[in-house]
Amino acid sequence: MSNIIIGTAGHIDHGKTALIKALNGFEGDDTNEEKQRGITIDLSFSNLTRGQQNIAFIDVPGHEKLVKNMIAGAFGFDYVMLVVSAVEGIKPQTVEHIEIINLLGLKELIVILTKKDLVNPEELALKKEQILMFLGTFDFEIKFVSEVSIYDESSIEKLKNQLFTINNSIKQEENFFRFYVDRVFSPKGIGTVVTGTVLGKKVELNEKVFISEIQKETKIKNIQVHNQNVIEANISNRAALNLQNIDVKSITRGDLITKRGYVRGFDGVDISFSCLKDKKLLHNKAYSLFIGAKKIEIKALLFDSIDSLEEGFATIKATEKLYTIFGEKVILRNGNETICGGKVLNPIIDPMKKNQKRKLLEALEKSDFTSAYYELLNAHRKGLGIISSTQRFALSHEEALAFAKNLDEVFVDEKDLIIYPNATKVELKEYIKNVYEKNAYAMLSNASIALRVKWASALFIDSVLDELEEENFLVKEGNLYKNANIKEDFLKDLEDIVLNRLKEEDISPTAPYNIYDDLDIDRKLGDDILKALTSKKQVIRLQHNLFIHFESLNNIVKAMKSIIKVDGYIEIANFKERFELSRKYLIAYLDYLDNYSEIKKIDTKRVFA
């Protein structure tokens, strides 16, 4: 089924809600307060269906004090239906609504002149001309203009036919599902239900979704689209989602529901902005930020820290995390006054030098992702995650990977989805070469290098090792790499090195992994060497990570027996008086003493049997 969302815009009492009722019979002003005051206070949702075409209407408030609710609805629009009374023409809220939808980047416009029965044809034609002249100062694409009266059924029917000529959503499919909550409630016996507009990608029944603000995953128990149970909700569907095991009090209007792992939250984002005529954005001033259905108090920091600007770059600092993606539109207001509109350029805040950040923002403003990648790689020399491109550039994994593979002077790990600048590859190569030059008997695997260089992926390390092998600097044996100039009996030499190391350390031997790291040998190889020495009885294993030279063990056992002869017993206290050892060693040696038949343990003491 074709789905589009049409939002209304226009001045109070110009007939938006009455027009929706004439089109589909829906009475939008359904709260007592709305009926008493005669205005739409919050968003009203309804639809019109013909065959496989569905049009969802979002009727938004026209009153000047309720513009914030208008903004909350506008982000979900595919098309805007500008409703203007043929009697009054353009009024203040008409202008403000048009300015806001222009700031939000909504360009597809349908113009409806209502109350045509109250004016003569000449007045109607004049009002139409005035409206089109006003709209001509913007760059809207006007789909059609229609003159109607809710008392003229033929004009309403004509409008319906015109609306059904529009059969496609202008929203682009993204790599993941997004859904801003605009209402949350809990019907008795149902659980928590949220409503909103499906963005990015469709969502299906029983699918797992992630609530960003509370960092909690949940499952969709039921989906309704226009009061009908469905198995999926597509882009531009107005949908109600029944969430499993979520407290209704934990979700608020404006929260983002999406898929786990796609969007990270930051207390700041970088935007480009453009102010309305005669307005300026002030540096370090508090504003209300509107994004999606969320309103949040923020501070705007102009990029160059000057007093004010009509357009430029700014960092938005919030008191809570913002979950945004590249290209999302924002509105900044001061009280009831709209100041400017903006576009999220940098939704992921990275530590960057100011000059780097400027180049990044300039590239992002032009959607020059190639240049943006290079600037980010300057800041992320130890690897830039391609998966972050979903949020950074609103690119799918496939698009981001294609971009990455077309970059010059980089290594792309297509498995772990990481980009490394070639300069970093040179640094890693030098690091590995230094290890082998420092220790001719070094014997490392990819995994053992990864333990030392935790930022490097396995494929990236492999690429460096392959180059060192091609250069005849290293030779590969199994999964280990040795110095190409090392002599053939290096394993015997390594055994001797480990044995001598343990002999020198005497009764305070180093833990095996520390020895391996010091000697630059792979952990599995090190374990094999200790096993060989143990099997030859040259090294004795006392505990899981405690190996001692056999001569050192014999000497400490003789010393412990001498203590028993002198004191009549040995325990930790009198043992420590003679040997300044840590408790780990003292206990290990005392436990080993229990292997001798002439030794008996009584409570904490060892005595001769």
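All values reported here derive from a predicted model rather than from experimental measurement.

## Examining the overall build of the chain
Move 1: From N to C terminus, the chain includes 19 helices and 33 strands.
Move 2: Whereas a compact globule of 609 residues would reach a radius of gyration of roughly 25 Å, the chain reaches 36 Å, over 25% beyond that.
Move 3: Over its C-alpha atoms, taken along the principal directions, the chain stretches across nearly 120 × 60 × 50 Å.
Move 4: The buried share of the chain, reckoned over its 609 residues, is 52%.
Move 5: Once local pairs closer than 6 in sequence are excluded, the contacts in the chain between residues at least 24 apart make up 65%.
Move 6: For the chain, the accessible area works out to roughly 28,200 Å², and carbon and sulfur atoms hold 48% of it.
Move 7: Side-chain charges of the chain comprise 84 positive and 90 negative groups, with the mean position of each set lying 5 Å from the other.

## Here's the deal with the sheet that holds strand β25 (residues 410-413)
Move 1: Taken in spatial order, the three strands line up as β24-β26-β25 in an open sheet, and their pairing is antiparallel. Looking at strand neighbours, the two that pair on one side only are β24 (384-385) and β25, the edges of this open sheet.
Move 2: Across four bridges, β25 lies against strand β26 (residues 418-421) in antiparallel orientation. What sits directly across from V412, in β26, is I419.
Move 3: Where helix α13 (residues 458-470) meets the sheet, it contacts β25 and β26, and its direction lies at approximately 130° from that of β25.

## Some remarks on the nonpolar core
Move 1: Counting residues in hydrophobic clusters, the biggest one holds 29 residues, and the most contacted among them are I271, F273, L281, L289, I298, I316 and L332.
Move 2: Elements with a contribution of two residues or more to this core: β16 (266-275), β18 (285-291), β19 (294-302), β21 (311-322), β22 (329-334) and β23 (337-346).
Move 3: Once residues lying within four places of it in the same chain are set aside, the contact partners of I298 are K285, A286, Y287, L289, I316, K317, A318 and L332.
Move 4: Residues A9, V84, I98 and L113 belong to the second largest nonpolar core, which totals 27 residues.

## A word on α13
Move 1: Relative to the 18 Å expected for 13 residues at 1.5 Å per residue, α13 spans 18 Å between its end C-alpha atoms, a close match to the ideal helical length.
Move 2: When α13 is considered as a whole, its buried residues turn out to be F460, I461, S463, V464, L465 and L468.
Move 3: On its buried side, α13 packs onto β25, β26, α11 (422-438), α12 (446-452), β28 (474-477) and β29 (480-483).
Move 4: Positive backbone phi, at 60°, marks N472, one or two positions downstream of α13.

## A look at the state of the cysteines
When the sulfur atoms of two cysteines share a covalent bond, that bond is a disulfide.
Move 1: Counted under the stated rule, the structure contains zero disulfides.
Move 2: Distance from the sulfur of C275, which forms no disulfide, to the nearest cysteine sulfur (C340) is 4.4 Å.
Move 3: Since its relative accessible area comes to 0%, C340 is described here as buried.

## Points about empty space enclosed by the protein
Move 1: Scanning the model with the defined rule gives three cavities of 30 Å³ or more in all.
Move 2: Lining of the largest cavity is provided by Y180, E213, G254, L256, I291, K294, L322, Y323 and T324.
Move 3: Grouping the constituent residues of the lining of the largest cavity by class yields five nonpolar, two polar and two charged.

## Quick notes on the pattern of salt bridges
Move 1: Applying the stated criterion to the full structure yields 38 salt bridges.
Move 2: Put simply, D528 and K524 hold a salt bridge, and the shortest N to O gap is 3.4 Å. Highlighted residues: D528 and K524, both in helix α16 (residues 523-535), separated by four residues, approximately one helical turn.
Move 3: By relative accessible area, which is 35% here, D528 ends up partly exposed.
Move 4: For K524, a relative accessible area of 56% gives the class exposed.
Move 5: Counted as one network, the salt bridges with shared partners bring together E213, D255, K294 and E320.

## What about helix α1 (residues 16-24)?
Move 1: Among the residues making up α1, those that are buried are K16, T17, L19, I20 and L23. For α1, the angular spread of buried residues about the axis comes to 160°, placing them on one side.

## Some remarks on unusual backbone geometry
Move 1: For D506, which is not glycine, the phi torsion reads 55° and is therefore positive.
Move 2: For D506, the position within the fold is in the loop between α14 (490-505) and α15 (512-519).
Move 3: With phi around 60°, D520 is a residue other than glycine that occupies positive phi space.
Move 4: Looking at where D520 falls in the secondary structure, it is placed in the loop between α15 and α16.
Move 5: Since its relative accessible area comes to 1%, D520 is described here as buried.

## Considerations on the packing of α1 against helix α6 (residues 153-163)
Packed helix pairs are characterised by how far apart their axes lie and by the angle those axes make with each other.
Move 1: Running from N to C, α1 and α6 cross one another at 85°; their axes reach a closest spacing of 10 Å. As the angle between them shows, α1 and α6 are arranged roughly perpendicular. Every residue of α6 that contacts α1 at L19, A22 and L23 is listed here: I156, L159, K160 and L163.

## Examining the packing of α11 against α13
Move 1: Put simply, α11 and α13 touch, their axes get as near as 10 Å, and they point 65° apart. Judged by the twist between their axes, the crossing of α11 over α13 is right-handed. Of α13, the residues touching α11 (which contributes T424, K425, L428, K429, I432 and K433) are F460, I461, S463, V464, L465, E467 and L468.
Move 2: Residues that form the contact of α11 with α13 fall into these classes: seven nonpolar, two polar and four charged.

## Some remarks on a negative patch on the surface
Move 1: A cluster of acidic residues, D278, E310, E311 and E365, forms a negative patch at the surface.
Move 2: Among the structural elements, D278 can be located in the loop between β16 and β17 (281-282).
Move 3: Exposure remark for D278: the relative accessible area of 74% places this residue in the exposed category.

## Some details on the packing of aromatic side chains
Move 1: Scanning all chains against the criterion turns up 19 aromatic pairs.
Move 2: Taken together, a centroid distance of 6.2 Å and an interplanar angle of 50° make the contact between W455 and F460 tilted.
Move 3: Using a relative accessible area of 27% as the deciding quantity, one classes W455 as partly exposed.
Move 4: Looking at F460, the relative accessible area reads 0%, which means it is buried.

## Focus: the pairing of strand β6 (residues 141-147)
Looking along a regular strand, one sees the side chains alternate between the two faces of the sheet.
Move 1: Here strand β5 (residues 108-114) pairs with β6 via six bridges, running parallel. Of the residues in β6, the one forming a bridge with L113 is E147.
Move 2: For the handedness criterion, the β-α-β arrangement of β5, helix α5 (residues 121-135) and β6 is classed as right-handed.

## Here we look at the sheet that holds β29
Move 1: Spatial ordering of the open sheet is given by β27-β29-β28, a layout of three strands whose pairing is antiparallel. Where the open sheet ends on each side, the last strands, each with one partner, are β27 (443-445) and β28. Pairs of neighbouring strands in the sheet enclose a mean axial angle of 35°, with direction left out of account.

Parameters at a glance
- Residues numbered from 1 in each chain as written.
- Predicted model: local features only at pLDDT ≥ 70, side-chain atom pairs only at ≥ 80, totals over all residues.
- Heavy atoms only, no water.
- Helix = DSSP H or I, 4+ residues; strand = E, 2+ residues; numbered from the N terminus.
- Rg over C-alpha atoms; globule rule 2.2 N^0.38 Å.
- Buried < 20%, exposed > 50% of the residue type's maximum accessible area, 1.4 Å probe, protein only.
- Contact = heavy atoms within 4.5 Å.
- Areas by Shrake-Rupley, 256 points an atom, 1.4 Å probe, with all protein chains shown as cover.
- Lys, Arg positive; Asp, Glu negative; His and termini not counted.
- Charge placed at Lys NZ, Arg CZ, Asp CG, Glu CD.
- Pairing = 2+ DSSP bridges.
- Axes fitted to C-alpha atoms, helices over the stretch in contact; angles between N-to-C directions.
- Core = buried A, V, L, I, M, F, W, Y, C linked by side-chain atoms within 4.5 Å.
- Expected span 1.5 Å × (residues − 1).
- Disulfide = S-S within 2.5 Å.
- 1 Å grid on protein atoms, 1.4 Å probe; cavity = no way out; pocket = protein on both sides within 12 Å on 5 of 7 lines; lining within 4 Å.
- Points joined across faces, edges and corners; volume = space filled by probe spheres on them.
- Nonpolar A, V, L, I, M, F, W, Y, C, P; charged D, E, K, R; others polar.
- Salt bridge = Lys/Arg side-chain N within 4 Å of Asp/Glu carboxyl O.
- Arc of directions from axis to C-beta.
- Parallel < 35°, antiparallel > 145°, perpendicular 65-115°, else oblique.
- Left-handed = near helix turned anticlockwise from the far one by under 90°.
- Patch = residues over 30% accessible without salt bridge, like charges linked within 9 Å, V, L, I, M, F, W, Y side chains within 5 Å.
- Phe/Tyr/Trp six-rings, centres within 6.5 Å; stacked < 30°, edge-to-face > 60°.
- Right-handed = clockwise from strand over helix to strand, strands pointing away.

Interpretation note: all reported values are geometric properties and have no functional meaning in isolation.
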